[in-house]
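Each chain, letter by letter, is given below.
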Amino acid sequence: MLLRKIFMRHSSCTRTQIRTPRFSFSAHFASQRSVRNNEEIEDKRDVDSGEDFAYSEVLRPGPKWQRKPYPTPMKVLIRRAKEEKLARKLNPCRILESAPENGLLVPDLIEVAHQVYNARESMLHGLSILVEGEAAIPINKCRFCSEVHIGHVGHVIRSCEGRNSGMRNSKHLWRRGGIKDIIGLPYCYHLYDRVGKPRVGHKERFGIKRLPAIVELCIQAGLDLEAYPTKRRTKPVYSIEGRIVDFEPGEDTDILVEDNFRTGNHIVPTFLEDRRLEDGETVSELSARTLKSWLDMRSGAVKLMKKYSVITCGYCPEVQVGPKGHKVRLCKATKHQSRDGLHAWQEATIDDLIRPNYVWHVRALDGPPLINELKRYYGKAPALVELCVRAGAPIPKQYESMMRLDVVPPAPDEYDLVV
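Residues numbered from 1 in each chain as written. Predicted model: local features only at pLDDT ≥ 70, side-chain atom pairs only at ≥ 80, totals over all residues. Heavy atoms only, no water.

Peer 1: Please set out the side chain of Ser-165 residue by residue, giving values where relevant.
Peer 2: Along the chain, Ser-165 turns up in the loop between strand E3 (148-150) and strand E4 (174-176). For Ser-165, the residues in contact, after removing those within four places along its chain, are Cys-160 and Ser-170. (Helix = DSSP H or I, 4+ residues; strand = E, 2+ residues; numbered from the N terminus. Contact = heavy atoms within 4.5 Å.)

Written out as structure tokens, the structure is:
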């Protein structure tokens, strides 16, 4: 028994001696690993912040039964909701100080709203000439899916997912396209009072006007249009237990304050019926101006969306501009039975507000059609960018890598020889 106790005591001591260096080694390697990870992150930031844009692949849309990814992580949304609930509990009656939550306009974004609207009108005018005017470029649209191709002859890439695509071996059936196929501008309901009455009921769906969501965003940011009146406040609203209360006099509630934060901007009139080039303007100059208007509209919309909320359905392309989504039961996407036809609202991105509609990039309009075996060598670009580039506009730097201009595709009979 004495020998056994001595043996057990000796073995326990050796175990403790062996365990201590293991812990120190693991801690050492973990510290080294963290240092390396930090260095890699800094290197990636240096690469991303460089002048040259990294190669970007166009992501394929997910399956129809899967929900769109959240732009803001769910943990951040839950934390914000808890903070708002705690602030509401500590101070039930409080005045909202930050715009536009308090019903007032953001003075710095009124000029941006006018610029976005003018850029949209200029873009549509240029598109009407490039698509249906005297400088028209051929546009092909698939009959069964949303695929678009710019060129005289449609491509033969087997990517159709429309009706009876299996019988056609996933080949597209092309027909003539138009302006609506180049750029997608979804419609939404117009809100007269975005703070006092932010929701549209199901029974009110026929009595409220619908307009492009980008125009509604500009109206809520400070643009005034006679066809779409909106309420402009001069005093902030109060929040009592989460409900918005307006203490403005009753006589001023129905009066539109048209001179609120007046700016020197003016609305550029656009005549879409006039599809002729201006005197002394070439097609390349028109395409460059149209492309610049599209880029300005997207960059301005991103600035507006940082302050004015835009939400979309997680399963269908419905968009609504405002703090809350409408209650119209018209969602026909997956799982709509469990929601009774209501939309699953979430935060929208710029691609939900202005859909780019990516198309395959072609080297020449009169060249041979794109084949399915070489599709990994072809680049993509938004349809409007591809249209303007085909008309003579310079290629934007942020889309050069996406269009794969530095890739030379092999010959059709040599694709199986390339690794």
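Peer 1: Describe the sheet that holds strand E1 (residues 93-95), with residues and values.
Peer 2: Spatially, 3 strands are ordered E1-E7-E8 in an open sheet, and the strand pairing comes out antiparallel. Single-partner strands in this sheet number two, and they are E1 and strand E8 (243-245). Within the sheet, the average angular offset between the axes of one strand and its neighbour, ignoring direction, is 30°. Judged from the 3 bridges that link them, strand E7 (residues 238-240) and E8 form a sheet pairing that is antiparallel. Each residue of the ladder has a partner; that of Ser-239, found in E8, is Ile-244. (Pairing = 2+ DSSP bridges. Axes fitted to C-alpha atoms, helices over the stretch in contact; angles between N-to-C directions.)

Peer 1: Talk me through unusual backbone geometry; I want residue IDs and the actual numbers.
Peer 2: In this structure, the amide linkage connecting Ala-99 to the following residue, Pro-100, adopts the cis form with an omega of 5°. Within the secondary structure, Pro-100 is located in the loop between E1 and helix H3 (107-132). Phi is positive for Asn-164, close to 60°, though the residue is something other than glycine. With respect to the element layout, Asn-164 can be found in the loop between E3 and E4. At Asn-169, a residue that is not glycine, the phi angle is positive and equals roughly 60°. With respect to the helices and strands, Asn-169 occurs in the loop between E3 and E4. Asn-169 sits in the partly exposed class, given a relative accessible area of 45%. (Buried < 20%, exposed > 50% of the residue type's maximum accessible area, 1.4 Å probe, protein only.)

Peer 1: Now, about the confidence of the model for the chain: what can you tell me, with residues and values included?
Peer 2: As a general rule, the predicted coordinates of low-pLDDT regions are not to be interpreted in detail. Confidence in the prediction of the chain, expressed as mean pLDDT, is 80, and 79% of residues score 70 or more. Note on residues 251-265: pLDDT is under 50 here. Beyond four places in sequence and across chains, it has 21 contacts. (pLDDT = per-residue confidence, 0-100.)

Peer 1: So what's going on with the pairing of strand E2 (residues 139-142)? Which residues, and what values?
Peer 2: Residues Ile-139 and Lys-141 point to one face of E2 and Asn-140 and Cys-142 to the other, with burial holding for every one of them. The pairing of E2 with E3 spans 3 bridges and is antiparallel. Counterpart to Ile-139 in the pairing with E3 is Ile-150. Connecting E2 to the antiparallel partner E3 that follows it, the hairpin turn spans 5 residues. Pairing analysis gives 3 bridges linking E2 to E4, with the strands arranged antiparallel.

Peer 1: I'd like to hear about helix H5 (residues 213-220), residue by residue, with values.
Peer 2: Of all 8 residues in H5, 8 are buried; the element is thus mostly enclosed. Turning to H5, its buried residues number three or more, namely Ala-213, Ile-214, Val-215, Glu-216, Leu-217, Cys-218, Ile-219 and Gln-220. The first or second residue beyond H5 is Gly-222, which carries a positive phi of 135°.

Peer 1: How would you summarise H3 if you had to cite specific residues and measurements?
Peer 2: Over its 26 residues, H3 extends 39 Å from the first C-alpha to the last, a length consistent with the 38 Å expected when each residue adds 1.5 Å. Most of H3 is tucked away: 21 of the 26 residues are buried. (Expected span 1.5 Å × (residues − 1).)

Peer 1: An account of the pattern of salt bridges is requested, with residue identities and associated values reported.
Peer 2: In a structure, side chains of opposite charge can pair up when their charged atoms sit close to one another. Applying the stated criterion across every chain, the model contains 11 salt bridges. Between Asp-193 and Arg-233 there is a salt bridge; the shortest N-O distance is 2.8 Å. In this pair, Asp-193 sits in the loop between strand E5 (187-189) and strand E6 (210-212) while Arg-233 sits in the loop between H5 and E7, placing the two residues 40 residues apart along the sequence. Side by side, Asp-193 and Arg-233 carry an identical accessibility label, which is buried. Here Arg-329 and Asp-340 are joined by a salt bridge, their closest N and O atoms 3.4 Å apart. (Salt bridge = Lys/Arg side-chain N within 4 Å of Asp/Glu carboxyl O.)

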